[in-house]
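The residues making up each chain are set out below.
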Amino acid sequence: MEELATEKEAEESHRQDSVSLLTFILLLTLTILTIWLFKHRRVRFLHETGLAMIYGLIVGVILRYGTTATSGHDKSLSCTQEDRAFSTLLVNVSGKFFEYTLKGEISPGKVNSVEQNDMLRKVTFDPEVFFNILLPPIIFHAGYSLKKRHFFRNLGSILAYAFLGTAVSCFIIGNLMYGVVKLMKIVGQLSDKFYYTDCLFFGAIISATDPVTVLAIFNELHADVDLYALLFGESVLNDAVAIVLSSSIVAYQPAGLNTHAFDAAAFFKSVGIFLGIFSGSFTMGAVTGVVTALISFLSLTGADVTKFTKLHCFPLLETALFFLMSWSTFLLAEACGFTGVVAVLFCGITQAHYTYNNLSVESRSRTKQLFEVLHFLAENFIFSYMGLALFTFQKHVFSPVFIIGAFVAIFLGRAAHIYPLSFFLNLGRRHKIGWNFQHMMMFSGLRGAMAFALAIRDTASYARQMMFTTTLLIVFFTVWIIGGGTTPMLSWLNIRVGVDPDQDPPPNNDSFQDGSDSARGNRTKQESAWLFRLWYSFDHNYLKPILTHSGPPLTTTLPAWCGLLAQCLTSPQVYENQEPLREEDSDFILTEGDLTLTFGDSTVTANGSSGSHTASMSLEGGRRMKSSSEEVLERDLGMGDQKVSSRGTRLVFPLEDSVRLPAQSPE
């Protein structure tokens, strides 16, 4: 009879697992059908993520109040002799040992409600599911689908917003929330401990922006490409910074009895941890991407060293290998103590830059579509779960004072993040970040999947439970209210829509407008940071020929004494390719590691040398004969007959208005 009862319970548990998964699949199906209807009717006041949250709320209400009690065999056992919880517990029941695993802490007042409904337990997922299964495809897709041209043109501003801005926002929100916590303690609304480090942790996780709604509308309306690049780039890197920042705050451990007091040594240790985790994760992601590119490169040539033979002839295997190598980057970084989000992000960027060029045509299409579908499903699943968790989660702590204070704090933190940084960035930009852009960026500070995943990862303490509940409500408000107001805000701020993604922003009054491709390419090169222009020159001349079958042969770019090494590293396909690979990032390629900038009558190079040069840019002594590699580079750059003098392999870019070329200073 006991064995029969056990089998019956196992069968009932299996049925409930199937029902819970079917619930989420039906939620996603309903969301997709509604999205199709909204797109057909051109409805923009509610995004797909908002729809997923609404459907999740409805199902959560049904499960919370519409299902009957199904559990009648649960029993509370007291272990008064133990002072901590165990992850695994062996229970002796009449001589038989049974293993139980820890699922988390339950508030004493909610023990009965948990016992009465097994279905609520089934739809409450392990937080690690979000980090190890749902987040990797979302983050990887962000890096893999990155529009490099506009991203790198605004890279200086993006880095400032993502790194410095997130840190400023974190500390402003953390300090304001600490004042709110002190106020709660005075008025008697704080029933447990809430430390200053907890406030900083909340500031870190709530600083992770996710303007998925705004960006989707931008993409649909073809809004200004620079504004899109600033928001997208900030949100991508901002998530990575927020998760590393939160890990550093958790690692903050002052010496002495008071583990929550300020300690300079512990502070600088946390800063070192932040830099170490971020740099280590970045390196791991980039290296994994390069290794994948090298494998695909060697297998494409059929080299014996790889033990593969023309892997591109088997697109299914090629796509599977690409998928597994990309996903393993996240897990490898987490296993090594780094941050998988940072690693998989830069792995995606590296894969798009190198590995994508080595894939077969069919595999290119497959990988893009695969990660696009995974990104779509994972993101909508998370937002559906958010709506569901509002009613099914067992650890909510609602505090009106804390919630209102959090809304005020994130508004002030976002304002201190955007406006002062924009002011300082505009001092070094020729194409300024206008007030309408700044207001739109301020308005677009939505919170989403990353903030939710960081908040739900640890809900063991009273403070973390309050943070999770508040984060959930903030995500609801920003997605529904701010996301729905994106289209009217674009109109009110007079931001351009219907813009060609390859079209440059309108020039300022002090620049000459030229719509030619060569002038546009020259403008792009001058707008992007000079350091990255040097990097792209090195990348095109040396890394691309090694890791892909594009770019100039190494025999023409390496010194003569490296001829044997160049021949070994250059594949025959490089010589066979008559048409060079054309990419958006070719706008940033220089023909040499040196960069020469012309200011009036003085010429300054990147290596510090200077000389005189006339602003007329006339060619002295006739046009020099160019090598085949230089001709390839000029075709990539689309320079044509543009009046730019070529001295050896050094390009000179005019920056003075008198030259009558559209130029903007680097950020």
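Below is a short write-up of the structure. Worth saying up front: this structure is predicted, and the values here are computed from it rather than measured. (Residues numbered from 1 in each chain as written. Predicted model: local features only at pLDDT ≥ 70, side-chain atom pairs only at ≥ 80, totals over all residues. Heavy atoms only, no water.)

Let us look at the pattern of salt bridges. Using the criterion set out here, one finds 7 salt bridges in the structure. R414 serves as the salt-bridge partner of E234, at 2.8 Å between the closest nitrogen and oxygen. With E234 in helix α10 (residues 225-250) and R414 in helix α15 (residues 400-426), the pair connects residues that are 180 residues apart, well separated along the chain. What you see here is one network of salt bridges that share partners, running through E128, E334 and R457. (Salt bridge = Lys/Arg side-chain N within 4 Å of Asp/Glu carboxyl O. Helix = DSSP H or I, 4+ residues; strand = E, 2+ residues; numbered from the N terminus.)

The relative placement of two aromatic rings is captured by the distance of their centres and the angle of their planes. By the definition in use, this model includes 32 aromatic pairs. Pairing F151 with F152 gives two aromatic rings, centres 5.2 Å apart and planes at 90°, and the pair type is edge-to-face. Accessibility assignment for this pair places F151 and F152 in one class, buried. Judged by centre distance (6.3 Å) and plane angle (25°), the ring pair of F274 and F278 falls under stacked. Taken as a pair, F274 and F278 lie in helix α11 (residues 264-301) at a separation of 4 residues, close to a single helical turn. With a relative accessible area of 16%, F274 lands in the buried category. Three or more aromatic residues link up through ring pairs in this structure, and these residues are F24, F130, F381, Y385, F393, F452 and F468. Positioned over the ring face of F131 is R457, at 3.8 Å from the centre of the ring. (Phe/Tyr/Trp six-rings, centres within 6.5 Å; stacked < 30°, edge-to-face > 60°. Buried < 20%, exposed > 50% of the residue type's maximum accessible area, 1.4 Å probe, protein only. Lys NZ or Arg CZ within 6 Å of the ring centre and 35° of its normal.)

This part is about the nonpolar core. For soluble globular proteins, nonpolar side chains are generally found buried alongside one another. Counting residues in each nonpolar core, the largest one holds 133 residues, and the members touching the most others are F130, M177, F194, F202, F218, M440 and F452. In terms of residue count, α10 provides more of this core than any other element does, 14 residues in total. Every residue in contact with M177, bar those within four places of it in the chain, is listed here: C199, F202, F402, G405, A406 and A409. (Core = buried A, V, L, I, M, F, W, Y, C linked by side-chain atoms within 4.5 Å. Contact = heavy atoms within 4.5 Å.)

To continue, consider the environment of F232. Mapped onto the secondary structure, F232 falls in helix α10. Given the relative accessible area of 14%, F232 is considered buried. Look past the residues within four positions of F232 in its chain and what remains in contact with it is A142, L146 and L215.

The next point concerns the side chain of S20. Following the sequence through the fold, S20 ends up in helix α1 (residues 2-41). Given the relative accessible area of 3%, S20 is considered buried. In contact with S20, other than residues within four places in its own chain, are M119, K122 and V123.

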